[in-house]
Amino acid sequence: MQFFKRNFLDILFLGFSLITLFLFFNHYKLYLDVSMADETVYMQRLNFKIWQLIGSFAPIYTLTYKFFHFFIKDYINLHHFAIISLSWVPSVGLYFFLRQKKFPFIISAYLAWALFLSSFIVAFDWWPRVSHYSLFLIFIFFSWLPKYTKRFSKIFLLAACFALFMAFVRPEFFMSSMALFTLAFFTFLYEQYKNKITDKLLTVREKIFLVVFLICIALMTLAWHSPLYGGRMYYAMGQHYTFNTIKWNHKRDASDFIYWEQIFKNKFGNSETLSDMYKANPKELQRHITENFYSYITQIFAFTTELFFPKFLFKIHFRIKWLLLIAIFLALLYHTGIKKYKQVFLEKFQQHFIFIVCIMILVGASVVASIIIYPREHYYILQLAFIYYLFYLLFIPFIENHTFTFKYQKLLNILILLSMIFATPNIKSYPRYNSFYHKYDTPVYLPYIYAVRDLKIVKPTTFLVSEILPVYMGKNFRVNIQFLKDRPFDQLMQEQDIGMMYISDVLLKDKRFSEDTTWIKFINNYESLGWVKLQLPDRKEYIIYRKDLLPNNAK
């Protein structure tokens, strides 16, 4: 009974959070599709052996998927489960992080709810949940760390080890780990020779832990290569440079994206690293980075307010919302008093300085990636850790100036939590709902996948597509993406054993096909070659496949 009394509010939050999660599964799942998003790339690796994973493609995150896959065999159901549940996870981490910092319950619960709701909408089913996953681990790590040690050099060392582990979740953390290891080394020297600290940095148990940890990292690197291995920098930079060229040319569609490699090489040749790009075309690189910086600043101001404001204010321009937020801050500052606010703020800043430094280094790598590569939504989600910490420092002097008795707070908390549940809005109430690549009134890709599944193809084959969708169709399908075509079609078809194709305008207009005589000959005569057409439900696109792929009893 004592445990229940001491943790009543946390148990209350857990119940509220699970109810919200239930509402998401039963309401938002209606709109979820299975697009060609990066999330599909991680799911595709479920068919790999553990030692076949690559360090730059988040092997630890993929292992989490493998765990879920033991219980959820169907890939579509697994995708829907991951999209919603992995959006929910960091909200729980944020809650316990704020509670560990002695944040008032109702504020912690509200921010956790806002994070769940807003980051889900920002990403929806397009962007990968690996950033949500990372954010959860960051919150949990910083909830645990202050209970363990207060020595700066040890904190930096532990944070460096954590970042090195996290590099196998997102490769940007590798840079963070190197910065933290360097900071730990110089801080240790300062403590030893300037502050005359004679205590041992690590106990015997900690040394054993550190050795075991480094051995594990070495084995992970041996099996999966470095977190920077795999050419992701080249693909990310090339594709997002093309996005900027589309913007500069004022094009309404992104059809040029299928030629991203050619567009990138026209400006930067065979560059694969940032230094190569600078040597090849410094002015164009500067233009790309300048565009990203402007987009990043705009995105931060546009997205951040959605973390804190209720839905009826979402459609208001973000500049007005920032003015409202500033007005609230100034009103609270006037009520509290500048002198008292400054005193509490400086006290809290000194208490949390070491953790602010650690978080800035952890999220700093994603900020750099946003500016150098592109300010993608999942980079922003990863930076929410620092945004919440910043708001914590700015508003904690006001919060500590007001308290409620538990007698009234309990009833108030329950009422506010219930109001949050009923205030959880429909996805269409968000302005960003209609800014995705296609509307989500009804899923676009699911009927396509179900149509292929109904064929009951049992023979393994390669599917030529413009998306990474065959993972949802079953273990008999491999994928060959049309963007990667670099040889005559007849040669590609023979080498890859292509037995099924998704025919869309994107493919038909692609010069790599439309100017290939072997492709033209095939597409005009595929029926005589033993291929069958499958018209997709309610779509002009269609699929063609070899008859011999069907079961023997098929007509």
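The sections below set out a description of the structure shown in this document.

The rules we used
- Residues numbered from 1 in each chain as written.
- Predicted model: local features only at pLDDT ≥ 70, side-chain atom pairs only at ≥ 80, totals over all residues.
- Heavy atoms only, no water.
- Core = buried A, V, L, I, M, F, W, Y, C linked by side-chain atoms within 4.5 Å.
- Buried < 20%, exposed > 50% of the residue type's maximum accessible area, 1.4 Å probe, protein only.
- Helix = DSSP H or I, 4+ residues; strand = E, 2+ residues; numbered from the N terminus.
- Contact = heavy atoms within 4.5 Å.
- Salt bridge = Lys/Arg side-chain N within 4 Å of Asp/Glu carboxyl O.
- Polar contact = N/O pair within 3.5 Å; in protein donor to acceptor, adjacent residues only side chain to side chain.
- Pairing = 2+ DSSP bridges.
- Axes fitted to C-alpha atoms, helices over the stretch in contact; angles between N-to-C directions.
- Phe/Tyr/Trp six-rings, centres within 6.5 Å; stacked < 30°, edge-to-face > 60°.
- Parallel < 35°, antiparallel > 145°, perpendicular 65-115°, else oblique.
- Left-handed = near helix turned anticlockwise from the far one by under 90°.
- Nonpolar A, V, L, I, M, F, W, Y, C, P; charged D, E, K, R; others polar.

1. Topic: the nonpolar core
Right, on to step 1. Ranked by size, the top nonpolar core spans 114 residues in total, and within it Phe 142, Tyr 448, Phe 463, Tyr 472, Met 500 and Ile 543 carry the most contacts.
Right, on to step 2. Take this core: its biggest share by element is 12 residues, from helix 18 (residues 384–399).
Right, on to step 3. Not counting chain neighbours up to four residues away, the residues in contact with Tyr 448 comprise Phe 463, Val 465, Glu 467, Leu 469, Met 473, Tyr 502, Leu 536, Arg 539 and Ile 543.
Right, on to step 4. Counting 26 residues, the second largest nonpolar core, distinct from the first, contains Phe 8, Tyr 95, Ala 114 and Ile 121.

2. Details of the pattern of salt bridges
Right, on to step 1. Taken as a whole, this structure holds 14 salt bridges when the rule is applied.
Right, on to step 2. Salt-bridge contacts for Lys 247 lead to Glu 291; the nearest nitrogen and oxygen are separated by 3.3 Å. In this pair, Lys 247 sits in helix 11 (residues 232–248) while Glu 291 sits in helix 14 (residues 282–304), placing the two residues 44 residues apart along the sequence.
Right, on to step 3. Accessibility expressed as a relative area gives 18% for Glu 291, which makes it buried.
Right, on to step 4. By sharing partners, the salt bridges in this structure join Lys 459, Asp 497, Arg 546 and Asp 548 into a single network.

3. Quick look at the side chain of Thr 40
Right, on to step 1. Assignment of secondary structure puts Thr 40 in helix 3 (residues 38–44).
Right, on to step 2. There is a polar contact of 3.1 Å between the side chain of Thr 40 and the side chain of Tyr 472.

4. A look at the sheet that holds strand 2 (residues 477–481)
Right, on to step 1. Taken together, the five strands give an open sheet; going across it, the order is 2-1-3-5-4, and neighbouring strands pair in mixed fashion. Since the sheet does not close on itself, it has two edges, and those belong to strand 2 and strand 4 (531–535), each with one partner. On average, each strand axis in the sheet is inclined to that of its neighbour by 25°, with strand direction left out of account.
Right, on to step 2. Sheet topology places strand 1 (residues 461–465) next to strand 3 (residues 498–503); three bridges connect them, and they run parallel. The residue of strand 3 that forms the bridge with Phe 463 is Met 500.

5. Some remarks on the pairing of strand 3
Right, on to step 1. When you tally the buried positions in strand 3, you get six out of six residues, the bulk of the element.
Right, on to step 2. Of the pairings in the sheet, the one linking strand 3 to strand 5 (residues 542–546) comprises four bridges and is antiparallel in character. Looking at strand 5, one finds that Tyr 502 is bridged to Ile 543.

6. Observations regarding the packing of aromatic side chains
Right, on to step 1. By the definition in use, this model includes 47 aromatic pairs.
Right, on to step 2. Look at Phe 67 and Phe 71: their rings are 5.3 Å apart centre to centre, the planes differ by 70°, and that puts the pair in the edge-to-face class. Of this pair, Phe 67 and Phe 71 both sit in helix 4 (residues 59–71), separated by four residues, roughly a single helical turn.
Right, on to step 3. Look at Phe 141 and Trp 144: their rings are 6.0 Å apart centre to centre, the planes differ by 45°, and that puts the pair in the tilted class. Taken together, the residues Phe 141 and Trp 144, both in helix 7 (residues 130–148) and three residues apart, mark about one turn of the helix.
Right, on to step 4. Here Phe 141 falls in the buried class, since its relative accessible area comes to 10%.
Right, on to step 5. When its relative accessible area of 41% is taken as the criterion, Trp 144 is described as partly exposed.

7. What about the packing of helix 5 (residues 75–100) against helix 6 (residues 105–123)?
Right, on to step 1. Where helix 5 contacts helix 6, the axes come no closer than 8 Å and their chain directions differ by 155°. The orientation of helix 5 with respect to helix 6, classified from their angle, is roughly antiparallel. Both helix 5 and helix 6 take part in a crossing whose hand is right-handed. Residue-level inspection shows Ile 83, Ile 84, Ser 87, Trp 88, Pro 90, Ser 91, Leu 94, Tyr 95, Leu 98 and Arg 99 of helix 5 in contact with helix 6, the latter providing Phe 105, Ser 108, Ala 109, Leu 111, Ala 112, Leu 115, Phe 116, Ser 119 and Phe 120.
Right, on to step 2. Of the residues contributing to the contact of helix 5 with helix 6, the split by class is 14 nonpolar, four polar and one charged.

8. Details of the packing of helix 8 (residues 152–166) against helix 9 (residues 173–193)
Right, on to step 1. Where helix 8 contacts helix 9, the axes come no closer than 8 Å and their chain directions differ by 165°. Of the possible angle classes, the one that applies to helix 8 and helix 9 is roughly antiparallel. Handedness of the crossing formed by helix 8 with helix 9: left-handed. Mapping the contact onto sequence places Phe 152, Ser 153, Phe 156, Leu 157, Ala 159, Ala 160, Cys 161, Ala 163, Leu 164 and Met 166 in helix 8 and Phe 173, Phe 174, Ser 176, Ser 177, Met 178, Leu 180, Phe 181, Leu 183, Ala 184, Thr 187, Phe 188 and Glu 191 in helix 9.
Right, on to step 2. When grouped by side-chain class, the residues that make up the contact of helix 8 with helix 9 number 17 nonpolar, four polar and one charged.

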